[in-house]
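Commentary on secondary and tertiary structure
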Amino acid sequence: MDERLFLKGQRVITPEGKGEVVDAVGDNIVVKLDDGATQTFPSADLQDNSSAG
């Protein structure tokens, strides 16, 4: 199984767009999207954004 860790402040890519991790509760990651919305996603739906650019 591929375990993924997301840290507060980490930039990620979600199905809804890019954003920043604000909290992680179990397998659910709370992300503040670049448009200002805050949503919760399963960690499997997120990608690290550090390699983008």
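Here goes a summary of the coordinates provided. On a predicted model such as this, the values are computed, not experimentally measured, just so you know. (Residues numbered from 1 in each chain as written. Predicted model: local features only at pLDDT ≥ 70, side-chain atom pairs only at ≥ 80, totals over all residues. Heavy atoms only, no water.)

1. A closer look at the sheet that holds strand β3 (residues 28-33)
Backbone hydrogen bonds are what pair the strands of a sheet, in a parallel or an antiparallel way. If you walk across this open sheet you meet the 5 strands as β4-β3-β2-β1-β5, and the pairing is antiparallel. Two strands bound the open sheet, and with one partner strand each, they are β4 (38-42) and β5 (47-48). Bridge count between strand β2 (residues 17-25) and β3: 6 bridges; the pairing is antiparallel. Across the sheet, the residue bridging to V21 is V31, located in β3. (Pairing = 2+ DSSP bridges. Helix = DSSP H or I, 4+ residues; strand = E, 2+ residues; numbered from the N terminus.)

2. Looking at the nonpolar core
Judged by nonpolar contacts, F6, V12, V21, I29, V31, L33, F41 and L46 together constitute the single largest core of 8 residues. At 3 residues, the largest contribution of residues to this core is made by β3. Excluding residues within four positions of it along the chain, V12 makes contact with F6, G17, K18, G19, V21, V31, Q47 and N49. (Core = buried A, V, L, I, M, F, W, Y, C linked by side-chain atoms within 4.5 Å. Buried < 20%, exposed > 50% of the residue type's maximum accessible area, 1.4 Å probe, protein only. Contact = heavy atoms within 4.5 Å.)

3. Remarks on the environment of V12
Summarising the element assignment, V12 is placed in strand β1 (residues 11-14). A residue is classified by how much of its surface remains accessible, and V12, at 0% relative accessible area, is buried. Note: C-alpha distance between V12 and N49 (37 residues apart in sequence) is 4.6 Å.

4. Considerations on the environment of V31
Here V31 is to be found in strand β3. When the C-alpha atoms of V31 and I13 are compared, they prove to be 9.5 Å apart, with 18 residues separating the residues in sequence. The contact partners of V31, leaving out residues within four places of it in the chain, are V12, T14, G19, E20, V21, V22, A37, T38, Q39, F41 and L46.

5. Regarding the pattern of salt bridges
It is possible for side chains bearing opposite charge to pair when their charged atoms get close. This structure, assessed with the given rule, holds 1 salt bridge. A salt bridge links D34 to R11; the nearest nitrogen and oxygen atoms lie 3.0 Å apart. Of this pair, D34 sits in the loop between β3 and β4 while R11 sits in strand β1, and the two are 23 residues apart along the sequence. Look at R11 and you get partly exposed, because its relative accessible area is 32%. (Salt bridge = Lys/Arg side-chain N within 4 Å of Asp/Glu carboxyl O.)

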